[in-house]
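Structural overview for review
Given next are the chains, with one letter for each unit.
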Amino acid sequence: MAEPKDVYTIQDLRNWTAATADLEAPARLAVLGDPVAHSRSPQMHQPALLAAGIACRYVRLHIAPEDLREALDRLREADFIGVNVTIPHKNAVFEAVDDMTDVARRIGAVNTVVLDDGQLVGHNTDAPGLRRAVREAFSMDLTDLRIMIVGAGGGAGKAAAVQCAMDHCERLVLVNRTVAKAEALAEELRDLMNAPGRLEGPANRLVAIPWEERAMEREIDQIDLIINATPMGMKRSDPEVVPQRLIDPSHLVYDMVYSPARTRLMANAEAEGAKAANGLGMLLWQGVFAFEFWFNREAPVEAMRSGLGT
Ligand code: NAP
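Residues numbered from 1 in each chain as written. Predicted model: local features only at pLDDT ≥ 70, side-chain atom pairs only at ≥ 80, totals over all residues. Heavy atoms only, no water.

**Here we look at the nonpolar core**
A general tendency of soluble globular proteins is for nonpolar side chains to be buried together. Residues Ile 147, Ile 149, Leu 172, Leu 174, Leu 189, Leu 225 and Tyr 254 are the most contacted members of the largest nonpolar core, which totals 62 residues. It is helix H13 (residues 280–295) that contributes the most residues to this core, 11 residues altogether. Counting 29 residues, the second-largest nonpolar core is a separate cluster that includes Val 83, Val 85, Val 113 and Leu 115. (Core = buried A, V, L, I, M, F, W, Y, C linked by side-chain atoms within 4.5 Å. Buried < 20%, exposed > 50% of the residue type's maximum accessible area, 1.4 Å probe, protein only. Helix = DSSP H or I, 4+ residues; strand = E, 2+ residues; numbered from the N terminus.)

**Examining the domain arrangement of the protein chain**
Often, the extent of an interface is quoted as the loss of accessible area on bringing the components together. The domain boundaries assigned to the protein chain delineate domain 1 (8–124 + 282–308) and domain 2 (127–278). Between the C-alpha centres of domain 1 and domain 2 there is a distance of 28 Å. Where domain 1 abuts domain 2, roughly 1400 Å² becomes buried across the two surfaces, and 65% of that area is made up of carbon and sulfur atoms. When the area that domain 1 buries against domain 2 is broken down by residue, the three leading residues are Arg 106, Met 282 and Trp 285, summing to 50%. Taken together, the connections running from domain 1 to domain 2 amount to 2 salt bridges. Note that Asp 191 and Arg 106 form a salt bridge whose closest N and O atoms lie 2.8 Å from each other. Inspection of the domain 1/domain 2 interface yields 6 residue pairs in polar contact (both at pLDDT 80 or more). Contributions of two or more residues to the side of domain 1 that touches domain 2 are made by helix H6 (102–107) and H13. The dominant element in the side of domain 1 that touches domain 2, judged by the number of residues it contributes, is H13, at 5 residues. Taken together, the residues of the side of domain 1 that touches domain 2 sort by class into 6 nonpolar, 2 polar and 3 charged. (Domains from an automatic or database assignment. Buried area = accessible area lost by both parts, 1.4 Å probe. Salt bridge = Lys/Arg side-chain N within 4 Å of Asp/Glu carboxyl O. Polar contact = N/O pair within 3.5 Å; in protein donor to acceptor, adjacent residues only side chain to side chain. Nonpolar A, V, L, I, M, F, W, Y, C, P; charged D, E, K, R; others polar.)

**Quick word on the site of the ligand**
Near the ligand, the surroundings consist of 21 residues, among which Ala 156, Asn 176, Arg 177, Thr 178 and Lys 181 are the closest. At 2.9 Å, a backbone N or O of Gly 279 approaches a nitrogen atom of the ligand. When the ligand sits alone it has 930 Å² of accessible area, and the protein chains cover 75% of it. Counting residues per element, the ones that place at least two in the shell around the ligand are helix H8 (155–166) and H13. Taken together, the residues of the shell around the ligand break down into 11 nonpolar, 8 polar and 2 charged. (Near = heavy atom within 4 Å. Areas by Shrake-Rupley, 256 points an atom, 1.4 Å probe, with all protein chains shown as cover.)

As structure tokens, then:
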């Protein structure tokens, strides 16, 4: 019996039974993206399936944007249990599903699909994945924190911001290079930030600012948790997400980037005496919640964690 190919394509999906005939268990779960060869999702989901005693293979599907609609139909034909969705398809899948959760609707993006009697149901597990990862890294809940999200114009930043607002966090500062996107998001979240029991209204608790040192400096002494939701930090030549001089020992720093495992932002934070964590925890927990939506049972978290090597 063979191991799955590193990556399957739309051609394979058109004749899935033949393309996967040599596997010892049916391939009925996948991560769908373009590119997708780098995805670490099989590393955590295959050990989870093994630990749970589920005879199923989890594979990578490289699907170009123009083939996405067809691919979703083919998943139904091939009797898939579900898929994870990664770049660049999270918004397009949001448009294509038959139904979705409120969280996915709020975020406008789907990263997990459950096939339920041929219906595609969309979820977003990035948002609760971040919440759980922050709790695990810092023993703190979003609800109790004053939070700054850098990169509030992207999909991951929006997922984080929606979760923070749904949890009625103490304060939310949205930072973005293109400030108009952060301002638009702040408007969208204003009703969610209204929470009974908060002394200040949403105007004081929800702020959008440009990604500029002076603007961040004005806000950062009223911040507990700094989240990087930009891709900055993946390359050595990337600029600082937050200038090191603005970070102090009381800050918690969550970097969604996990490659490299210790980013420049994390190194700077730790040099200032602050606590820092990378995005592997978020990757793990979004996968845990996806598994639980597919199988309606508790996920074997430790098998997934060791699969990821964390
Ligand atoms: P995206 O949609 O491309 O968002 C990019 C965001 O970063 C935008 O706000 C953008 O600002 C900002 N940005 C990009 N390059 C910048 C630069 N050079 N200077 C300043 N701002 C810049 O990406 P995404 O899908 O949201 O993902 C963001 C990061 O989170 C990626 O590294 C991704 O791998 C990571 N991520 C991790 C997890 C996890 O599980 N750990 C999950 C999801 C995403 P503008 O709006 O001005 O363009």
